[in-house]
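Each chain, letter by letter, is given below.
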2 protein chains.
Amino acid sequence: MAKEMTLLWGSGSPPCWRVMIVLEEKNLKGYNQKLFSFEKGEHKSSQVMEMNPRGQLPAFKHNNHVLNESYAACFYLESQYQSQGNKLIPECPAEKAMMYQRMFEANTLGQKTVDVIYYNWRVPEAERHDSALKRNKETLTAEIKLWEGYMQKASGPFVAGKNFSLADVMVFPSVAYLYRSGLCEERYPKLAAYYNSLKDRSSIKTSWPPTWLESPAQDLLKDI
Amino acid sequence: MAKEMTLLWGSGSPPCWRVMIVLEEKNLKGYNQKLFSFEKGEHKSSQVMEMNPRGQLPAFKHNNHVLNESYAACFYLESQYQSQGNKLIPECPAEKAMMYQRMFEANTLGQKTVDVIYYNWRVPEAERHDSALKRNKETLTAEIKLWEGYMQKASGPFVAGKNFSLADVMVFPSVAYLYRSGLCEERYPKLAAYYNSLKDRSSIKTSWPPTWLESPAQDLLKDI
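First things first, this report covers the structure right here in the doc.

Basis of the calculations
- Residues numbered from 1 in each chain as written.
- Chains lettered and ligands numbered in written order.
- Predicted model: local features only at pLDDT ≥ 70, side-chain atom pairs only at ≥ 80, totals over all residues.
- Heavy atoms only, no water.
- Helix = DSSP H or I, 4+ residues; strand = E, 2+ residues; numbered from the N terminus.
- Expected span 1.5 Å × (residues − 1).
- Bend = angle between axes of the 7 residues up to and from the residue.
- Buried < 20%, exposed > 50% of the residue type's maximum accessible area, 1.4 Å probe, protein only.
- Pairing = 2+ DSSP bridges.
- Right-handed = clockwise from strand over helix to strand, strands pointing away.
- Contact = heavy atoms within 4.5 Å.
- Axes fitted to C-alpha atoms, helices over the stretch in contact; angles between N-to-C directions.
- Buried area = accessible area lost by both parts, 1.4 Å probe.
- Salt bridge = Lys/Arg side-chain N within 4 Å of Asp/Glu carboxyl O.
- Polar contact = N/O pair within 3.5 Å; in protein donor to acceptor, adjacent residues only side chain to side chain.
- Nonpolar A, V, L, I, M, F, W, Y, C, P; charged D, E, K, R; others polar.

A look at helix 7 (residues 166-180) of chain B
Residues and elements named next belong to chain B.
Reasoning step 1: For helix 7, with 15 residues, the first-to-last C-alpha span of 22 Å sits near the 21 Å given by 1.5 Å per residue.
Reasoning step 2: For helix 7, the principal kink sits at Phe172 and spans about 25°; a proline, Pro173, occurs within the next four residues.
Reasoning step 3: The element helix 7 is largely enclosed, with a buried count of 15 among its 15 residues.

Observations regarding the pairing of strand 2 (residues 32-36) of chain B
Residue and element names in this part refer to chain B.
Reasoning step 1: Bridge count for strand 1 (residues 5-10) against strand 2 is five bridges, and the pairing is parallel. Of the residues in strand 2, the one forming a bridge with Gly10 is Phe36.
Reasoning step 2: In this fold, the crossover linking strand 1 to strand 2 by way of helix 1 (residues 14-25) has right-handed handedness.

Here's the deal with the sheet that holds strand 4 (residues 65-66) of chain B
Residue and element names in this part refer to chain B.
Reasoning step 1: Pairing is mixed in the open sheet, where four strands are placed in the order 2-1-3-4. The two strands at the open ends of the sheet, each matched to only one other strand, are strand 2 and strand 4.
Reasoning step 2: The pairing of strand 1 with strand 3 (residues 59-62) spans four bridges and is classified as antiparallel. The residue of strand 3 that forms the bridge with Leu8 is Ala59.
Reasoning step 3: Packed on one face of the sheet, helix 1 meets strand 1 and strand 3 and runs near 140° to strand 1.

Some words on the interface of chain B and chain A
Reasoning step 1: Across the contact, 35 residues belong to chain B and 35 residues belong to chain A.
Reasoning step 2: Taken over both partners, the interface formed by chain B and chain A buries close to 2900 Å², and the fraction arising from carbon and sulfur atoms is 56%.
Reasoning step 3: Linking chain B with chain A are six salt bridges.
Reasoning step 4: Between A:Glu127 and B:Arg135 there is a salt bridge, with its nearest N and O atoms 2.7 Å apart.
Reasoning step 5: Our count for the contact surface shared by chain B and chain A stands at 17 residue pairs in polar contact (both at pLDDT 80 or more).
Reasoning step 6: The biggest single contributor to the side of chain B that touches chain A is helix 4 (residues 93-117) of chain B, with eleven residues.
Reasoning step 7: Considered class by class, the residues forming the side of chain B that touches chain A number 18 nonpolar, nine polar and eight charged.

This is the structure we're talking about:
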């Protein structure tokens, strides 16, 4: 029982989801957790701000160790519980190199996605430009094509090859977010195959964003 | 001799500098390297694009393993050469947790710096707003204050505590970039003390951006 761990999270946030997937993969059950609503602005509540002064989710703590950055929490958990649950860093140098490269590229994919989906939310009305949103969409399209190419050339069913790894922990939630936001499966078939092959994995299914189960998918990315 | 490694880099880029610091710390000498000019747009040259399809520097390769993301290259090198040169991941769980947390927060510091310094370069003229640049400056100021507070409370001379670690590899170049861009040392004395205590460390001094030695510092951040 992981009673000495606390996770504050929001539904549908890829960074939160990553930490939850690792907790499942490492068999860390029974941690303290609390769901906050982004829509209601609860990520700026005092309870979150106390743990994470940027007012962002996840906020994660193990004993007195604060690990609010999703990559930090995932690396830390894998390092502290290496022999528990599934090993998330492959031994083979080639696969390990690929894991590191792709997991950090996932940041870029996530950022470019946010630049399109949250454009109106992040940019005040007086500063919005159709030309900027159009450029963001073109940038995201190029990025997704890059990932479709990666999946075409992949040496196994997972991002880094034959083993589920931290690369999948980082990449999968961002890919799921694309499809949740209306990305066309037929246009990016290899990425869709990856998405469909992993969505029923136990750690992922168990931690699936509850708000996604309750409401229909959106169509913000249908033209991408 | 690290002849099987190739680094394409640009002077003054924190991501490039990180990889160079780790190569020094791990005693990996004699790697193939080539300096490209951002000003001349050489990061979009075919030689870079072949290794890094996003046209970004660094582009780094060990044998056939491509590691273009600076965090990926640094993690990989530390993992492959654990017992060579300086150990960059501490054993102590508390220090390790702090290392992971701060190293990924460095991304946020870097992004907020770029949002101010490169505002005019990244945003087409017709889309620029004084209100946006003002907001970016306020956001960067709050971020730097957070880091000044971290350094006040630090349990040692380094970002994660008593040992130089991957957190310093990620954070130092971003902090140096702030001072290079005119941040006032007196206004953020703990951050300045950290900067001044590390700038003569051998791995850092050896890899200091050559263009910074040739031209005077800028004053873009003098009001921050």
